[in-house]
Amino acid sequence: MGVNDSDNEEVVSSTSKMDLQMLQKIFVKHEPDLVIDSYEEAKGSGRGDNYTAALFRITLKGYTRPKDASKKLRWERTVICKRLPDCKIKREAFKSEALFRNEVEFYNCIMPEFIAFQKRKTKDVSHIFMAVPRCYLAQNDLVMLEDLRVRRFTMPDRQAGLGMEQMKAILVELSKFHAVSLAYKMQHPNEFKRLTSKISEGIFTKENTEWYRNYYEILTKNALQMVTQTIPDQKEYLAKMKGFLDNCFGNLVELVSRKSKLSVICHGDCWTNNILFKHDEKGSITEICFLDFQLIRHGSLALDLAYLIYCFTESALRKANLQTWLSIYHQQLVKSLKVLGSLQDYCTDEADLLRQIQDEFRSCAPFGLGTAMDMLPISTCSSEEAPDLYVSGSETAPTPPELNVPPNELCRRKMTDIVLEMVDGGMI
C-alpha cells in the first residue's frame, strides 16, 4: 500500500500499522534534513518463514535539503518492519509478547553494550561481533531494521539445510558473539547480571509446562511415529528415544536452566531463516548476519551449537565434520577471548578450553533432539503446508499453540538420523 502527498495530514493505516507521520518521526532522528513523501509496503516473509511476528518490507522515498545545498537531494531507503501478529490467539499461543520484549531489550540494551565493550578492547573490526542489522527503532510491539537485501544478503533454502561453507561461517560469527558474553561476564559481572535479568526464557520454563503440554504431546507422538516407521525393528533405539521423550519438556527445561562457567547470552534460534549470507562474484560467503533475537536466553553456549548442528545439517555431514565444527568454533573463541582480555579466565591452555566445549556440547546435545521435533516439520515442509501468520483468524479465548505440521519423508529421515546418532553417542 502506498501513501503519497506529504502535505496531507490524514493518517492512512497499512497492514504494518505504519503511516507517513510515524515514519517521518522515526527517521528525522537519524537525518534531520529529511522529508519522507511516500512509502510502499509488502509482506516481508513467506508462509513458514516466521512464527512469532509478522514482517513487512517498507520502501521509503523522499528528499533531503541540507542547509548548504541549493537543491533537493532524492532519498530512498528500504526497511523491515516487525510487529506482533494481529491475531490475539496467535500472540497468546506463542507467548509472542514476552518474546518480542526480548528482542527490544537486545537492540536497545544488550547489543549497544556489547559493541561499546568490544570497541574499548580493540580497533580491529574483524575481531568485533557486529553481525546484526542496523536497528532504527525497537519499542513495545515494533522493531524496525535495515533491509539486508539492499546489501545483497540472501536467505538459504530452509528445506535444503546448511552446507559445510555455511556452517564454517556461522560458527565463526556465533563464537564471536558468545565470546563477548564470556569476557563481559568476567570483567563486568554486575552489569552482565543486569543485562541477563532483562531476558525472559520464552519457552522452556516450569511455569509453561501445562501451557505446552498438549503441544509437546503431539510433537513427541509424531516424532516416535516417524522413527518407528523408519526403523521398526530397532527396539533399543526406540526405547531410549521414548525414555527421553517421556519427560521431553521437563528435560529441555532442565538443559536450559543449568548454568555453567560457559553460560552466555545465547541467540536461541539459530536456524536457516534467521541467518542471512552475502556472497562474492564467485559464490563464496563473504559475510553473514543474524536475525531474530526473540529467543535469546542465558544458558550454555552449547545450546546454540546443539540446536544449529542437529536441526539444520545432514547426518552424513555431521558424522564427518562434528569435531571439525567444534574446533572451528573453539579456534575463534580463543582468538576473541584473547582480544577481549579473558582467555586466561576460562582455561589453563587452549586444549583445556576445547575439552570444556566438547563436554558442554555432549551435555547439551539432547537439546538438539528435543527442538528438532518442533523445527524439522517446520523447516522441511513446503510453504503451502505452513501456517500463515498474516491471517488474523477468529478472536476467542487465548489457547496454547497448535502448530501441527504434517511430517514428510525428509522429516522422517532427519528425525531418525538424529535418534541414531544420539543413542550411538551415548547422549540419550
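Provided above is the structure to which this section pertains.
As the structure is a computational prediction, the values presented were derived from the model and not from experiment.

Attention now goes to the nonpolar core. Core analysis: the biggest nonpolar cluster contains 109 residues, and Phe 106, Phe 204, Tyr 216, Phe 290, Leu 337, Leu 353 and Met 415 have the highest contact counts within it. Among the elements that take part in this core, helix α12 (residues 350-380) stands out by supplying 12 residues, more than any other. Residues in contact with Tyr 216, not counting those within four places in the same chain, are Ile 203, Phe 204, Cys 248, Phe 249, Leu 252, Met 373 and Asp 374.

Once that is clear, we can look at the sheet that holds strand β9 (residues 285-290). Spatially, the three strands line up as an open sheet ordered β6-β8-β9, and their pairing is antiparallel. The open sheet terminates on both sides in strands that have one partner only, identified here as β6 (153-154) and β9. Strand direction decides the pairing type here: strand β8 (residues 275-279) and β9, joined by five bridges, are antiparallel. Paired with Ile 275 across the strands is Phe 290, a residue of β9. Against the sheet, helix α4 (residues 164-187) makes contact with β8 and β9, and its axis sits at roughly 55 degrees relative to β9, the strand it touches most.

Between α4 and helix α5 (residues 189-197), the least distance of the axes is 5 Å, while the angle of their chain directions is 125 degrees. What the angle tells us is that α4 and α5 run oblique. Contacts from Ser 181, Tyr 184, Lys 185, Met 186 and Gln 187 of α4 reach α5 at Pro 189, Glu 191, Phe 192, Arg 194 and Leu 195.

Time to look at the pattern of salt bridges. Opposite charge on two side chains lets them pair, provided their charged atoms get close. Overall, the coordinates contain 22 salt bridges when judged by the stated rule. With a shortest N-O distance of 3.6 Å, Lys 240 and Glu 236 are connected by a salt bridge. Placement of both Lys 240 and Glu 236 in helix α7 (residues 235-245) is noted, with a separation of four residues, approximately one turn of the helix. Overall, Glu 236 belongs to the exposed group, its relative accessible area being 52%. Sharing partners across several salt bridges, the network here consists of Glu 146, Arg 151, Lys 278 and Glu 287.

Relative to the helices and strands, Met 155 is located in the loop between β6 and α4. Overall, Met 155 belongs to the partly exposed group, its relative accessible area being 40%. Between the C-alpha atoms of Met 155 and Thr 272, which are 117 residues apart in sequence, the distance is 7.3 Å. Beyond its immediate sequence surroundings of up to four residues, Met 155 is in contact with Thr 272, Asn 273 and Leu 276.

Attention now moves to the sheet that holds strand β4 (residues 135-139). Strand order in the open sheet formed by five strands is β1-β2-β3-β5-β4, with antiparallel pairing between adjacent strands. What marks the edges here is a single partner per strand, and that holds for β1 (34-43) and β4. The mean inter-strand angle of the sheet, taken between neighbouring strand axes irrespective of direction, is 25 degrees. Alignment of β4 against strand β5 (residues 142-146), held across four bridges, turns out to be antiparallel. Each residue of the ladder has a partner; that of Leu 137, found in β5, is Met 144. Strands in contact with helix α1 (residues 20-28) are β1, β2 (54-64), β3 (73-83), β4 and β5; relative to β1, the strand with the most contacts, it is inclined by about 115 degrees.

Time to look at unusual backbone geometry. Positioned with a positive phi, Asn 140 is a non-glycine residue whose angle comes to about 45 degrees. Here Asn 140 is to be found in the loop between β4 and β5. Using a relative accessible area of 64% as the deciding quantity, one classes Asn 140 as exposed. Backbone geometry places Arg 152, a non-glycine residue, at a positive phi of 65 degrees.

Each value, and the rule that gives it
- Residues numbered from 1 in each chain as written.
- Predicted model: local features only at pLDDT ≥ 70, side-chain atom pairs only at ≥ 80, totals over all residues.
- Heavy atoms only, no water.
- Core = buried A, V, L, I, M, F, W, Y, C linked by side-chain atoms within 4.5 Å.
- Buried < 20%, exposed > 50% of the residue type's maximum accessible area, 1.4 Å probe, protein only.
- Helix = DSSP H or I, 4+ residues; strand = E, 2+ residues; numbered from the N terminus.
- Contact = heavy atoms within 4.5 Å.
- Pairing = 2+ DSSP bridges.
- Axes fitted to C-alpha atoms, helices over the stretch in contact; angles between N-to-C directions.
- Parallel < 35°, antiparallel > 145°, perpendicular 65-115°, else oblique.
- Salt bridge = Lys/Arg side-chain N within 4 Å of Asp/Glu carboxyl O.

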